[in-house]
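Chain residues, written in single-letter form:
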Amino acid sequence: MRDHLGRPLVAVTGIGAVTSLGFGVAESWSRLLAGQSGIRRITRFPTDHLRTTIAGCVDLPEERGQPFTSPIRVEHMAAFVIEEAITEAGIGARGRFPGPLFLGMPPVEVEWPARFDLARKGHDPSYPGMTATAAGRHDIYETFLYGGIGERLAARFGTRGAPISLTTACATGASAIQLGLEAIQRGECDACIALGADGSVHAEALIRFSLLSALSTRNDTPEKASRPFEKSRDGFVMAEGAAALILEDYDAAKARGATIIGLVSGAGERADNFHRTRSNPDGRAIVGAMRNALADAGLEPGQISYVNGHGTGTPENDKMENFGMRAVFGDNAPPISSNKSMIGHTLSAAGALEAAFSLLAIRDGRLPPTINHDEPDPNITLDVVPNVARDATVRHVLSNSFGFGGQNVCLVLSAEPT
Amino acid sequence: MTRQDVVITGIGLVTALGEGPDAHWDALSAGTSPVVDNTTYAPWPVHPLPPLTLDRQIPKKGDQRQMEPWQRLGTYAAGLAIDDADARALVDDMHLIVAAGGGERDLALDEQVNAELAEANDGARLNELLATGLRPTLFLAQLSNLLAGNISIVHGVTGSSRTFMGEESAAADALRIAHARLAEGRGGIALVGGAMTAQRWDLLLLYRGEDGLWQGPHKPLSERERPGMVLGGMAGFLVLETAEHARARGARILARLDAVASNAARRAAPGEAAASAQSLLSQVAPGGVDAVISGATGAPAAWKEEESFLQGVGAPVRRPGSLIGHGVEGAFPAHVGLAALALHRGGFFAPMDPADAPMDPEDAPSRILVTGFGQWRGEALATVSRAEF
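Criteria and cut-off values
Residues numbered from 1 in each chain as written. Chains lettered and ligands numbered in written order. Predicted model: local features only at pLDDT ≥ 70, side-chain atom pairs only at ≥ 80, totals over all residues. Helix = DSSP H or I, 4+ residues; strand = E, 2+ residues; numbered from the N terminus. Contact = placed C-beta atoms within 7 Å. Rg over C-alpha atoms; globule rule 2.2 N^0.38 Å. Buried ≥ 20, exposed ≤ 12 C-beta atoms within 10 Å, placed from the backbone. Axes fitted to C-alpha atoms, helices over the stretch in contact; angles between N-to-C directions. Parallel < 35°, antiparallel > 145°, perpendicular 65-115°, else oblique. Left-handed = near helix turned anticlockwise from the far one by under 90°. Nonpolar A, V, L, I, M, F, W, Y, C, P; charged D, E, K, R; others polar. Pairing = 2+ DSSP bridges. Expected span 1.5 Å × (residues − 1). Arc of directions from axis to C-beta. pLDDT = per-residue confidence, 0-100. UniProt positions renumbered as here; feature names shortened; annotations may be inferred.

Things to note about the overall build of chain A
In terms of regular secondary structure, chain A is built from 13 helices and 15 strands. Taking the principal axes of the C-alpha coordinates as reference, chain A spans close to 65 × 50 × 40 Å. If you take every contact in chain A between residues at least 6 apart in sequence, the share linking residues at least 24 apart comes to 78%.

This is the structure:
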């Protein structure tokens, strides 16, 4: 089947997810629908001197009290969600996935344990000293090389071609799905893995975001800290997680008898040139990204049943998202909710996790809530599905991702054509 | 879907040899010596960046202050490419794909923390030192996607923005995807490229782990007794357009970007990377090529694989790594830019390495192969042809 622009339809046949609410799609989704929060006090490392001491951490059973560095955590979570997604899709032979890998992930760099190790071994804390001592440290090289995670995942799952690792800040997961969508639309492949993963909760990252005044400091009540669209919201809550989608040419998926979970029916993007951490008050870029996604999917605003919002819980984002929604949808805006109220802001994973939950909302006819909605913000005029999940007939979902650096990506997820 | 021709209409090039097409054509067509700093990072030589008049491309001091050298370099070179394409008026709908590593760390702070805590295992004190020592702007200067973000902010490029990570492969795939999107009609104009600064201990530390860096005073690639990389500060940005888009606006066409292909062999056994590149050759150059610009990094295993592959190509080779060093994310687009430059000027470059065979200056190539063998993983090829429009 072809879409309104003559391109092959792109189906989703498998989903994998890990969040601070649980390992696997079923646990994460059921707890999201139950309105539970995965935000807790950080126990992985000391939090003295930190302004924010809470997060949506994913502590892996295999860490056994020895915390992984960020790239290793990302790799483990990514492998978990790819495995789950491939198993559901039932595609390819083991270790031989018949398509490429698009990996949305955070930037990586050499971390403190490696620097301390080199400084100790060489009895020299300086960079020239550490560099001399780094001879033969293939472990450091391969762990912190930007292409390292993608290569190891590609080798493990036997994906085809060069894996593409990418970042568009908080839109990363959506960009990965967009790249996969485009690859199938242009006939480069019949199937691919698109995922977003992030495991960046460590002290230095928290301090960096704190210095930008981006994080909630509601440390005493972690589960109440992420308050998208609510009057007393004071920032986002950093979190970890991952989601993978198996994307397939719809006809190819039907021909092999796959179960179709839904479609990725469109993607739109628009970059902002206003400011490094804020969107232009005219909303042009986020409105443009939403409209481009609708146009790409061949839909009118009125055909969208639900919006899975970016909804970070920063005062600025939610105000701008409300503005953008009104500009695109006018008086008849569909309900919008923020998964981040429960799982926090999973950064590079957010776009992929939220696309996954959008597809599940379509499958199950249930809108996940925005929790912690105690006092409405008079400037937020949207139906945010406050506190309690809701039944709804959901045919098309718009999923918004707006990133630091002005990188905005919106996806349209749709039900299988009838 | 009708495939459209994709052409190169702008080059933004900065290397140790200078900036811009003229500086590079003049030096490299006549033959030149490398600009090398053998001492600052000894025993690891680097090719330093030339002095840049940042105000010319990044006019606001406030923007310059929000960046560190890596982002400034990339933003500067992106502006050079836009100017070279005379495309300032087209930035609203210009698509952007950047190949990025990460920005500079605060090395003095790292060393101070190391000195106090390497033996101590004191997480609380680490938090305290970082919370008081880290500058707010540094985080944004470190973020990989903020090179693209700064290109949007400084130059107004807002069609779309994507950042690929993964060393040499990231740059080749950025070019491959930008080419494919234009060819299938997703937009008319795109900016693609990457940048790397070599004068950075934090990068030397990372690459040192693989024992792939050349140690000792600079030598050309083919004369390094044990192959190894010499990093070179470098940025390469290209403005790509559909031929139709370029013609409609009367743009000067430098060359046609025929094809870009990439792969990633596991490199578990000798010969795998060479075979991987060989399999790409028929995709990008079914009719053969007249000359090759090699992306040889100098990394030992990749060097052997590429030399074996090049023997089968049967065309004269130029190895820019001997003169400008290895530019990681900046290398592939810079080399494609050099290919476009030669095709546009109707000539070719003098030998860059003792292993480069001389060519009759009259014998100008009309199709050039650009190779990219990643220092660890990734094989990529691009072909660039003389524009016949």
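Points about the overall build of chain B
From N to C terminus, chain B includes 14 helices and 13 strands. Computed over its C-alpha atoms, the radius of gyration of chain B comes to 20 Å, within 12% of the 21 Å expected for a compact globule of 389 residues. Seen along its three principal axes, the alpha-carbon backbone of chain B occupies a region of about 65 × 50 × 40 Å. Taking all 389 residues of chain B together, 61% fall into the buried category.

Describing the packing of helix α3 (residues 69-84) of chain B against helix α7 (residues 146-155) of chain B
Residues and elements named next belong to chain B. Interhelical geometry of α3 versus α7 gives an angle of 50° and a closest axis separation of 9 Å. One finds that α3 runs oblique with respect to α7. In this structure, the crossing between α3 and α7 has a hand that is right-handed. Residue-level inspection shows Q71, G74, T75, A78, G79 and I82 of α3 in contact with α7, the latter providing L146, L147, N150, I151, V154 and H155.

Notes on the environment of R395 of chain A
Residue and element names in this part refer to chain A. Structurally, R395 is set in the loop between β13 (390-391) and β14 (396-403). What makes R395 partly exposed here is the crowd of 15 C-beta atoms within 10 Å. Sequence separation between R395 and A361 is 34 residues, and the spatial gap between their C-alpha atoms is 9.2 Å. If we skip the residues at most four places from it in the chain, R395 touches S305, S414 and A415.

Some points on the interface of chain A and chain B
The partner chain B presents 64 residues to the 61 residues of chain A that form the contact. In terms of residue class, the side of chain A that touches chain B is made up of 32 nonpolar, 16 polar and 13 charged. Two strands pair when backbone bridges link them, and strand β6 (residues 164-167) of chain A and strand β5 (residues 160-165) of chain B are joined in this way by three bridges, in the antiparallel orientation. The residue bridging L166 of chain A from the neighbouring strand is F164 of chain B, located in β5 of chain B.

Comments concerning helix α11 (residues 315-329) of chain A
What sets the pattern is the α-helix's 3.6 residues per turn: residues three or four places apart point alike. Residue and element names in this part refer to chain A. Here α11 is 15 residues long and its end C-alpha atoms lie 21 Å apart, about the 21 Å a rise of 1.5 Å per residue gives. When we look at burial in α11, the residues that qualify are N317, D318, M320, E321, N322, G324, M325 and V328. The secondary structure elements touched by the buried residues of α11 are α10 (284-297), β10 (306-308), β11 (336-337) and β14. Phi turns positive one or two residues past the end of α11, at G330, with a value near 65°.

A short note on the pairing of strand β6 (residues 189-196) of chain B
Residues and elements named next belong to chain B. Burial analysis of β6 places eight of its eight residues in the buried class, which makes it a mostly covered element. Neither face of β6 is open: one carries I189, L191, G193 and A195, the other A190, V192, G194 and M196, and all of them are buried. Bridge count for strand β4 (residues 95-99) against β6 is five bridges, and the pairing is parallel. Each residue of the ladder has a partner; that of V98, found in β6, is G193. Across eight bridges, the pairing between β6 and strand β8 (residues 234-242) is antiparallel. For A190, the partnering residue across the bridge sits in β8 and is L240.

So, unusual backbone geometry
Among all residues except glycine, the phi angle is most often negative; among peptide bonds, the trans geometry is most common. Residues and elements named next belong to chain B. In this structure, the amide linkage connecting A42 to the following residue, P43, adopts the cis form with an omega of 10°. By the secondary structure assignment, P43 is in the loop between α1 (20-30) and β3 (46-47). A positive phi angle, near 50°, is found at E167, a position not held by glycine. Examined against the element boundaries, E167 turns out to sit in helix α8 (residues 167-183). Judged by local crowding, E167 falls into the buried class, with 26 C-beta atoms found within 10 Å.

Points about α1 of chain B
Residue and element names in this part refer to chain B. Restricting attention to buried positions, one finds in α1 the residues P21, H24 and L28. End-on view of α1: buried residues confined to an arc of 75°, all on one side of the axis. Every exposed residue of α1 that faces more than 90 degrees away from the buried side is listed here: D22, D26 and A30. Looking at the buried side of α1, the elements it contacts are β1 (6-15), β2 (18-19), α3 and α14 (331-345). Looking one or two places after α1, you find G31, whose phi comes out positive at around 100°.

Section: the environment of E184 of chain B
Relative to the helices and strands, E184 of chain B is located in the loop between α8 and β6. Judged by local crowding, E184 of chain B falls into the partly exposed class, with 18 C-beta atoms found within 10 Å.

Re the confidence of the model for chain B
Mean pLDDT over chain B stands at 97; residues scoring 70 or higher make up 99%. For this predicted complex, the interface score ipTM comes out at 0.98, alongside a pTM of 0.98.

Describing the UniProt feature "domain: Ketosynthase family 3 (KS3)" (unreviewed entry) in chain A
As annotated by UniProt and renumbered to match this structure, "domain: Ketosynthase family 3 (KS3)" (unreviewed entry) occupies residues 7-415 of chain A. The distance from the first to the last C-alpha atom of residues 7-415 of chain A is 17 Å, and the span holds 34% helix and 19% strand.

Considerations on the packing of α1 of chain B against α14 of chain B
Residues and elements named next belong to chain B. Taken N-terminus to C-terminus, the directions of α1 and α14 make an angle of 80°; their axes are 11 Å apart at the nearest point. Regarding the angle of α1 to α14, the classification is roughly perpendicular. Note on element contacts: α14 touches α1 through L338, L341 and R345, opposite P21, H24 and W25. Class assignment of the residues belonging to the contact of α1 with α14 gives a composition of four nonpolar, one polar and one charged.

Thoughts on the pairing of strand β15 (residues 407-414) of chain A
Residues and elements named next belong to chain A. Counting buried positions along β15 gives eight out of eight residues, so the element sits mostly inside the fold. Every second residue of β15 is oriented toward a common face, with Q407, V409, L411 and L413 on one face and N408, C410, V412 and S414 on the other, all of them buried. Where strand β9 (residues 262-271) lies against β15, eight bridges are found, and the strand directions are antiparallel. Bridge assignment links L263 to a residue of β15, and that residue is S414. Two strands pair when backbone bridges link them, and β14 and β15 are joined in this way by eight bridges, in the antiparallel orientation. Bridge pairing links L398 to V412 in β15.

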